[in-house]
Amino acid sequence: MITGKYPGLRLRRSRKNDWSRRLIEENNLTHNDFILPIFLIDGKDKKQEIKSMPGVYRYTLDKINPVIDKAIKKGLPMIALFPYTEKKKKNFIGAEALNEDNLVCRALKLIKKKYKNQIGIMCDVALDPYTSHGHDGLLKKDYVLNDETIKILIDQSLLQAQMGCDVLAPSDMMDGRIGEIRKALDKNGFKMTQILSYAVKYASSFYGPFRDAVGTKGLLKSSKKNYQMDFRNSNEALREVALDIKEGADMVMVKPGLPYLDIIKLVKENFKIPVMAYQVSGEYSLLENGIKKGLTNNDIVIESLIAFKRAGANAIVSYYADRLDTILK
Ligand code: PBG
């Protein structure tokens, strides 16, 4: 009997029935695989749909409990907080980042007090929500200063850790910041605060809708190319990850997601460290628009998310994280 080739060998045999397809499936999605981003806004009694991201909202602090209740009930392991900052609270150096009464700090205190360790809380470390120019650090002649920015990021990290943040996620792409932040955390009694480094963050046009969501749209005069990575490169991604691991990162992130599956896979194969992937706002908006226009349906979301898992992502930051049941059914 010839089994090694057609007609003896038929790969379609195992695809014929649903039970068989389920039996041999290599990847699947569970709620444990997701991190839910939550956009915050000052004020009271507001649930504001974000124009460029239909189906995603900004919430005032009095409105976030149901969102978090739902996330816990579904078993999502972590949420990520992103503040919309009013123009009047932004300035050239992003001072609001260090205001211990800023929106993120108030949210952290509130959520930690009520929910303890039922769900992890992740916060970005970067100045972009707070600077009048929309850059992630201190600006000098269109160039973001590295070492000077790190000094502020350390203070922002300590402040967020003190307010109850479980996972600090530096998304700024300054050189050397992971090591400096780790050192400061350990010295100040935050040995157990984790660092999820946005180690591989590309200068991407896929971030557009997010910048609308956090109120930085239109502020950016130049680009972020002098600190975020060039999308033509992949070796550089491995160097970034290697450095961040050496400096003490607990987990690393690749961002954006779908256009960078090759990078997720490379990182996963080269380093045995948890790899997160960010299905960013532009990816969300493209999918969502296609679905809204009837060009495709919800299955496209599952297909995209499974691709992250197949590439090797341990978890995915996704604006779909709180709607998986409806999408999966
Ligand atoms: C800011 C930050 C950005 C995103 C997450 N954190 C935007 C940027 O770097 O300009 C993008 C997320 C998304 O597009 O969904 N440091």
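Residues numbered from 1 in each chain as written. Predicted model: local features only at pLDDT ≥ 70, side-chain atom pairs only at ≥ 80, totals over all residues. Heavy atoms only, no water.

Enquirer: What am I meant to see in the site of the ligand here?
Expert: Taken together, 17 residues lie near the ligand, and Lys-201, Arg-211, Lys-255, Ser-281 and Tyr-319 sit nearest. A distance of 2.9 Å separates a nitrogen atom of the ligand from a polar atom in the side chain of Asp-124. Asp-128 is positioned such that a nitrogen or oxygen atom in its side chain is 3.1 Å from a nitrogen atom of the ligand. Protein coverage of the free-state accessible area of the ligand, which is 400 Å², stands at 100%. Of the residues in the shell around the ligand, the class split is seven nonpolar, three polar and seven charged. (Near = heavy atom within 4 Å. Polar contact = N/O pair within 3.5 Å; in protein donor to acceptor, adjacent residues only side chain to side chain. Areas by Shrake-Rupley, 256 points an atom, 1.4 Å probe, with all protein chains shown as cover. Nonpolar A, V, L, I, M, F, W, Y, C, P; charged D, E, K, R; others polar.)

Enquirer: Would you take a moment to explain helix H9 (residues 281-292) for this structure?
Expert: Since the α-helix advances by 3.6 residues per turn, residues separated by three or four positions end up pointing in the same direction. The terminal C-alpha atoms of H9 lie 16 Å apart, and with 12 residues this matches the ideal 16 Å at 1.5 Å per residue to within 8%. Buried residues dominate H9, accounting for nine of its 12 residues. Taken together, the buried positions of H9 are occupied by Ser-281, Gly-282, Glu-283, Tyr-284, Ser-285, Leu-287, Glu-288, Gly-290 and Ile-291. Residues of H9 that are buried in the fold lie against helix H6 (208-213), strand E11 (275-278) and helix H10 (299-311). (Helix = DSSP H or I, 4+ residues; strand = E, 2+ residues; numbered from the N terminus. Expected span 1.5 Å × (residues − 1). Buried < 20%, exposed > 50% of the residue type's maximum accessible area, 1.4 Å probe, protein only. Contact = heavy atoms within 4.5 Å.)

Enquirer: What's the story with the side chain of Arg-58 in this structure? I'm lost.
Expert: Summarising the element assignment, Arg-58 is placed in strand E3 (residues 57-59). In this structure Arg-58 is buried but unpaired, with Asp-212 as the nearest side chain of opposite charge at 4.1 Å. At 2.8 Å, the side chain of Arg-58 forms a polar contact with the backbone oxygen of Ala-213. Other than its neighbours up to four places away in sequence, Arg-58 contacts Phe-39, Ile-41, Lys-46, Lys-47, Gln-48, Ile-50, Tyr-84, Asp-212 and Ala-213. (Lys, Arg positive; Asp, Glu negative; His and termini not counted. Salt bridge = Lys/Arg side-chain N within 4 Å of Asp/Glu carboxyl O.)

Enquirer: Just checking my understanding: could you explain empty space enclosed by the protein for this structure?
Expert: Space left empty within the atom packing is revealed by a probe, the size of a water molecule, rolled over the atoms. Taken as a whole and judged by the stated rule, the model has three cavities of 30 Å³ or more. Roughly 150 Å³ of volume is contained in the largest cavity. Partitioned by chemical class, the residues of the lining of the largest cavity number seven nonpolar, four polar and seven charged. Roughly 110 Å³ of volume is contained in the second largest cavity. Lining the second largest cavity are 14 residues, with Leu-81, Phe-82, Pro-83, Asp-124 and Pro-129 sitting closest to its centre. Breaking the lining of the second largest cavity down by element, the ones donating at least two residues are strand E4 (78-83), strand E5 (120-125) and helix H4 (146-163). When residues in the lining of the second largest cavity are grouped by element, the largest group, three residues, is from E4. When the residues that make up the lining of the second largest cavity are grouped by side-chain class, the tally is 10 nonpolar, two polar and two charged. (1 Å grid on protein atoms, 1.4 Å probe; cavity = no way out; pocket = protein on both sides within 12 Å on 5 of 7 lines; lining within 4 Å. Points joined across faces, edges and corners; volume = space filled by probe spheres on them.)

Enquirer: What should I look at first to understand the packing of aromatic side chains in this one?
Expert: Pairs of aromatic rings are described using the distance from one ring centre to the other and the angle between the two planes. Under the definition given, this model contains 10 aromatic pairs. Judged by centre distance (5.8 Å) and plane angle (40°), the ring pair of Phe-39 and Phe-82 falls under tilted. You can see Phe-39 sitting in strand E1 (residues 34-40) and its partner Phe-82 sitting in strand E4, a full 43 residues away along the chain. In this structure, Phe-39 and Phe-82 share a single accessibility class: buried. Ring centres of Tyr-284 and Tyr-320 lie 4.8 Å apart, and the angle between their planes is 45°; this geometry places the pair in the tilted category. With Tyr-284 in helix H9 and Tyr-320 in the loop between strand E12 (315-317) and helix H11 (324-328), this pair connects stretches of sequence that are 36 residues apart. Looking at Tyr-320, the relative accessible area reads 1%, which means it is buried. One aromatic cluster in this structure is built from Phe-39, Phe-82, Tyr-198, Phe-210, Tyr-278, Tyr-284, Tyr-319 and Tyr-320. One Lys or Arg, Lys-47, reaches over the ring of Tyr-57 and ends 4.3 Å from the middle of that ring. Directly above the ring of Tyr-198 sits Lys-201, whose terminal nitrogen or CZ lies 5.4 Å from the centroid. (Phe/Tyr/Trp six-rings, centres within 6.5 Å; stacked < 30°, edge-to-face > 60°. Lys NZ or Arg CZ within 6 Å of the ring centre and 35° of its normal.)

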